[in-house]
Amino acid sequence: MVSHYRAKKRDDHLPPIDLHDLGPKRQKLIRKILSSCDGKRAFEVLEDLYERAEIGSPPPYLAIRPAEEGRQSMVIVRHSGTEDEKSTGVAAAGLESPLDSPEAVAFFENYCADLLFRLHARLDPATIRFSTVIRMYLERVRPGNVIPGNEELARLEARSHGERDPMRSYKDHCHTAVEILKFVTDDRLGSLNANFGIDYKKFAQSKPKHGAREGGGKVDGPSDTTVLLRLSFMRLVFDWFRREFRPPFRVEFETPEATPGETADLVWEEVQRAVLHCLGYVWDGIGFVTQWVMHDGEWRLEFVRIGGQDTAHWAQHVAGHAAVIRLLLIYWLTGTRLHTILKLGWRPMTWRGWVDAARQWIHRNGRKSPNYFKKPRENSPMLPCVAELFARWSAEDERGAANERWPLRMDGGAYVVHNGRGGPAEGVVELARSALDAVGVDARLHDLKGGGVTAYWHAGFGLGQIALYFGNREDSIDRAYRSLKNSEEAVKRPRADPETITLERLVDPGKKLPAIPRSDPPPPVGAVVKGADRLIRGEMEAAISRVLHG
């Protein structure tokens, strides 16, 4: 039997320096100079270390190298007593002194700062601040081909070559660095120990993400997965620091254990409640609120609308949440990722996806947009009943554009999820989250996809078919939803016919959904006739039907 051996990880650290060999006074002087270098020029600190503590080599200086055969006169950085030199890239023609060139002086300052930091990392890395190492790492990984202010041009250039956005990873790193710095503040590397990751997890999860809600509850802190992603960033920082500067000091920590998160797929009842909120109905935690109103001398029940008697406020709410309804339904019925949904249009585009309702296909990527192996955005067919929904939305948008004279868009035409005039729906994600929160649904928007997969499964589709309709690889869908195969209902499912299935059968294959709950107030004093709720009976069901079928 063949044995497999795990290679031992190479130690990149230098042997530790015993500062006691330098003598207590010299040791104290070195640490004093290094700890008090804030606000000083790096050249001055190098000079102090050499002259007062006899550490390092003579400080460098700027000089002009005369012109030679095949080489022009240049401003260089030269080390005293050696022939070592480094060009600043600045021509010396016309300069009387190398200090007359601001570019050469700036290069010299950066060169000295690098020398000083390397010496600091070699002599006393424990006194270096976390923030300094993180800042230097971010400066190193910032895309060099992106000029500040021209990020959009760099993004389009990357897409033209099939590459991902060069600034995306950098911006993610910057966001993570901000969160880490809240924990380390002004601490130095000497405080790093094996429990760094465990301590950060406790710190991060003890803080709410967005502060207190109106009801007094707290938003949960970051999940274990988010914490591990942030700690993986710190491992990148420390690995770079160790390889680049090789300090005689271990910058390592143990990774905390992660508890698998519980998935809470959004069922159709919850999506339905959020849609009704978008239509202006009021949810009180039990059901949709009704009130008693006098009609022709009789008490009748009516639904309470957002805005009360202010119809203008209600109409504004409904118009502002029209994009939210589309977002929720597209996510639940097609499994398209949120970022992609927000960019979908109605006609073929170069950089954005589009919906071809006539051919019943959804193109999640533009024709030249890059695709990714881990989270592919595959094009896929749609069920005919879902395609009919898109076709109706497309017809509505065409009528709206003609009647209201929507502005022409130069970025690929009108959006599917739009702002009422064909443009991108700004703030729609926050509105969607608030809609779910308003009807008591504690879930992420991405849980809409899981609810859609589960609904397709119970309607009779196999995981392979669902992967096709949702634009995912079959193995990833099978891995994530394998528990559906092992459920007791797996043998009781109907067999779905994609050509004939309706949206009603898709969302409620067994016709087991309960009636949409109402929250009726106590009856008023006086006679209440039988059938006092006949004006609102079936009203919400009819509203949902109009959303699905027009």
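Residues numbered from 1 in each chain as written. Predicted model: local features only at pLDDT ≥ 70, side-chain atom pairs only at ≥ 80, totals over all residues. Heavy atoms only, no water.

**Here we look at the sheet that holds strand S5 (residues 298-303)**
For clarity, the cut-off: Only strands that DSSP links by at least two bridges are regarded as paired with each other. The way it works is that DSSP assigns letters per residue, a run of H or I at least four long becomes a helix, a run of E at least two long becomes a strand, and they are numbered from the N terminus.
Here we have three strands laid out as an open sheet, ordered S5-S4-S9, and mixed in their pairing. Each edge of the open sheet carries a strand with a single partner, namely S5 and strand S9 (518-519). When strand S4 (residues 288-295) meets S5, the two strands line up antiparallel, connected through six bridges. Within S5, the position partnered with Trp 292 by the bridge is Leu 301.

**Some details on the sheet that holds strand S6 (residues 354-356)**
One open sheet accounts for three strands, arranged S6-S7-S8; its pairing is antiparallel. The open sheet is flanked by S6 and strand S8 (380-381), the only strands paired with a single partner. Bridge count for strand S7 (residues 361-363) against S8 is two bridges, and the pairing is antiparallel. Paired with Trp 361 across the two strands is Pro 381, which belongs to S8.

**What to know about empty space enclosed by the protein**
Applicable threshold: The pocket and cavity definitions rest on a 1 Å grid over protein atoms only: a 1.4 Å probe that fits but cannot leave marks a cavity, an open set with protein on both sides within 12 Å along at least five of seven lines marks a pocket, and residues lining either have an atom within 4 Å of a point. Grid points are joined across faces, edges and corners, and a volume is the space filled by probe spheres set on the points.
Per the stated rule, a full pass over the model turns up one cavity of 30 Å³ or more. When its volume is computed, the largest cavity comes out at roughly 40 Å³. Forming the walls of the largest cavity are Leu 333, Thr 334, Pro 381, Met 382, Leu 383, Val 386, Tyr 456 and Tyr 469.

**Here we look at the packing of helix H9 (residues 268-278) against helix H14 (residues 428-438)**
To keep it simple, the criterion reads: Angles shown run from 0 to 180 degrees and are taken between the N-to-C directions of axes, each axis being a line fitted to C-alpha atoms and, for helices, limited to the stretch in contact. With respect to orientation, any angle under 35 degrees is reported as roughly parallel, any angle over 145 as roughly antiparallel, any angle of 65 to 115 as roughly perpendicular, and every other angle as oblique. The criterion used for residue contact is that any of the two residues' heavy atoms lie within 4.5 Å. For this scheme, ten residues count as nonpolar: Ala, Val, Leu, Ile, Met, Phe, Trp, Tyr, Cys and Pro. Four count as charged, namely Asp, Glu, Lys and Arg, and the remainder, Gly too, count as polar.
Remark: H9 packs on H14, axes separated minimally by 8 Å, with the N-to-C direction vectors making an angle of 110 degrees. Comparing the axis directions of H9 and H14 gives the class roughly perpendicular. Residue-level inspection shows Ala 274, His 277 and Cys 278 of H9 in contact with H14, the latter providing Ala 435, Leu 436 and Ala 438. For the contact of H9 with H14, a count of residues per class yields five nonpolar, one polar and no charged.

**Describing the pairing of strand S2 (residues 74-79)**
Sheet faces and side chains relate simply in a regular strand, where the side chains alternate between the two faces. Heads up, the rule is: Think of it in three bands: with a 1.4 Å probe and only protein chains considered, a residue is buried below 20% of the maximum accessible area for its type, exposed above 50%, and partly exposed in between.
The element S2 is largely enclosed, with a buried count of five among its six residues. With six bridges joining them, strand S1 (residues 60-65) and S2 adopt antiparallel strand pairing. Looking across to S2, one finds that Tyr 61 is bridged to Arg 78. Across five bridges, S2 lies against strand S3 (residues 85-91) in antiparallel orientation.

**Quick look at the nonpolar core**
For clarity, the cut-off: Here, the term nonpolar core denotes a set of buried Ala, Val, Leu, Ile, Met, Phe, Trp, Tyr and Cys residues that are joined through side-chain atoms within 4.5 Å.
Residues Phe 390 and Phe 461 are the most contacted members of the largest nonpolar core, which totals 78 residues. Those residues within four positions of Phe 390 in sequence are excluded, and the remaining contacts are Ile 330, Thr 334, Trp 346, Val 355, Ala 357, Met 382 and Val 416. Grouped together as the second largest cluster of nonpolar side chains are 30 residues, Met 136, Tyr 137, Met 234 and Phe 241 included.

**A short note on the pattern of salt bridges**
Oppositely charged side chains may form a pair once their charged atoms are brought near each other. Defined as follows: Note on definitions: salt bridges are taken to be side-chain nitrogens of Lys or Arg within 4 Å of carboxyl oxygens of Asp or Glu.
Enumeration according to the criterion identifies 20 salt bridges in this entry. One salt bridge in this structure joins Glu 396 and Arg 326, with 3.7 Å as the shortest N-O distance. Here Glu 396, found in helix H13 (residues 384-404), pairs with Arg 326, found in helix H11 (residues 322-334); they are 70 residues apart in sequence, far enough to count as distant. Given a relative accessible area of 30%, Glu 396 falls into the partly exposed group. Among the charged side chains, a network of salt bridges with common partners joins Asp 114, Arg 118, Arg 140 and Glu 244.

**Brief notes about helix H3 (residues 102-123)**
Put simply, the rule reads: Every helix has an expected span of 1.5 Å times one less than the residues it contains.
If you check H3, its first and last C-alpha atoms are 31 Å apart, about what 22 residues at 1.5 Å a residue would give, namely 32 Å. Where H3 is concerned, the buried positions are Ala 104, Phe 108, Tyr 111, Cys 112, Leu 116, Phe 117, Leu 119, His 120, Ala 121 and Leu 123.

**Focus on the packing of helix H7 (residues 196-205) against helix H8 (residues 224-245)**
What counts here: If you view the pair so one helix is near and one far, a crossing is left-handed when the near helix is turned anticlockwise from the far one by less than a right angle, and right-handed when it is turned clockwise.
Here H7 crosses H8 at 135 degrees, and the two axes come no closer than 10 Å. If you check the angle between H7 and H8, you find them oblique. Here H7 and H8 pass one another in a crossing that is right-handed. Each of Phe 196, Gly 197, Tyr 200, Lys 201, Ala 204 and Gln 205 in H7 lies in contact with H8, whose residues at this interface are Asp 224, Val 227, Arg 230, Leu 231 and Met 234. The residue makeup of the contact of H7 with H8, split by class, is six nonpolar, two polar and three charged.

**Considerations on the side chain of Arg 364**
Going by this rule: Throughout this description, a polar contact denotes any pair of N or O atoms lying within 3.5 Å of each other; where both atoms belong to protein, one of them has to be capable of donating a hydrogen while the other can accept it, and for residues adjacent in sequence the pair is counted only when both atoms sit in side chains.
Residue placement: Arg 364 occurs in the loop between S7 and S8. A distance of 3.0 Å separates a polar side-chain atom of Arg 364 from the backbone oxygen of Thr 334. For Arg 364, the side chain forms a polar contact with the side chain of Thr 336, separated by 3.1 Å.

**Structural notes on the environment of Gly 464**
Relative to the helices and strands, Gly 464 resides in helix H16 (residues 463-470). Gly 464 gets classed as partly exposed once you look at its relative accessible area, which sits at 28%. In this structure, the C-alpha to C-alpha distance between Gly 464 and Asp 478, residues 14 residues apart in sequence, is 7.8 Å.

**Quick notes on the packing of aromatic side chains**
To keep things clear, this is the line we draw: Only the six-membered ring of Trp is used, alongside the rings of Phe and Tyr, when aromatic pairs are assigned; centres must lie within 6.5 Å, and planes under 30 degrees apart are stacked while those over 60 apart are edge-to-face, with the rest tilted.
Applying the stated criterion across every chain yields a total of 27 aromatic pairs. Measuring from centroid to centroid gives 6.5 Å for Phe 107 and Tyr 111, while their planes differ by 15 degrees, and the two rings are stacked. Taken as a pair, Phe 107 and Tyr 111 lie in helix H3 at a separation of four residues, close to a single helical turn. Judged by its relative accessible area of 24%, Phe 107 is partly exposed. Geometrically, the ring pair formed by Phe 390 and Trp 393 is edge-to-face, given 5.4 Å between the ring centres and 80 degrees between the ring planes.

**A closer look at the environment of Glu 298**
Within the element layout of this structure, Glu 298 appears in strand S5. Using a relative accessible area of 28% as the deciding quantity, one classes Glu 298 as partly exposed. Separated by 234 residues in the primary sequence, Glu 298 and Ala 532 have C-alpha atoms spaced 8.2 Å apart.

**Brief notes about the pairing of S4**
Bridge count for S4 against S9 is two bridges, and the pairing is parallel. By the bridge assignment, Phe 288 is partnered in S9 with Arg 518. Where S4 hands over to S5, the hairpin turn is made up of two residues, of which Asp 296 adopts a positive phi near 50 degrees.

**Some remarks on unusual backbone geometry**
Most of the time, phi is negative for any residue but glycine, and the peptide bond is trans. Although it is not a glycine, Thr 185 adopts a positive phi angle of roughly 45 degrees. Residue classification places Thr 185 among the partly exposed positions, given a relative accessible area of 42%. Backbone geometry places Arg 405, a non-glycine residue, at a positive phi of 55 degrees. With respect to the helices, strands and loops of the structure, Arg 405 is situated in the loop between H13 and H14.

Functional significance is not addressed by these values, which are geometric in nature.
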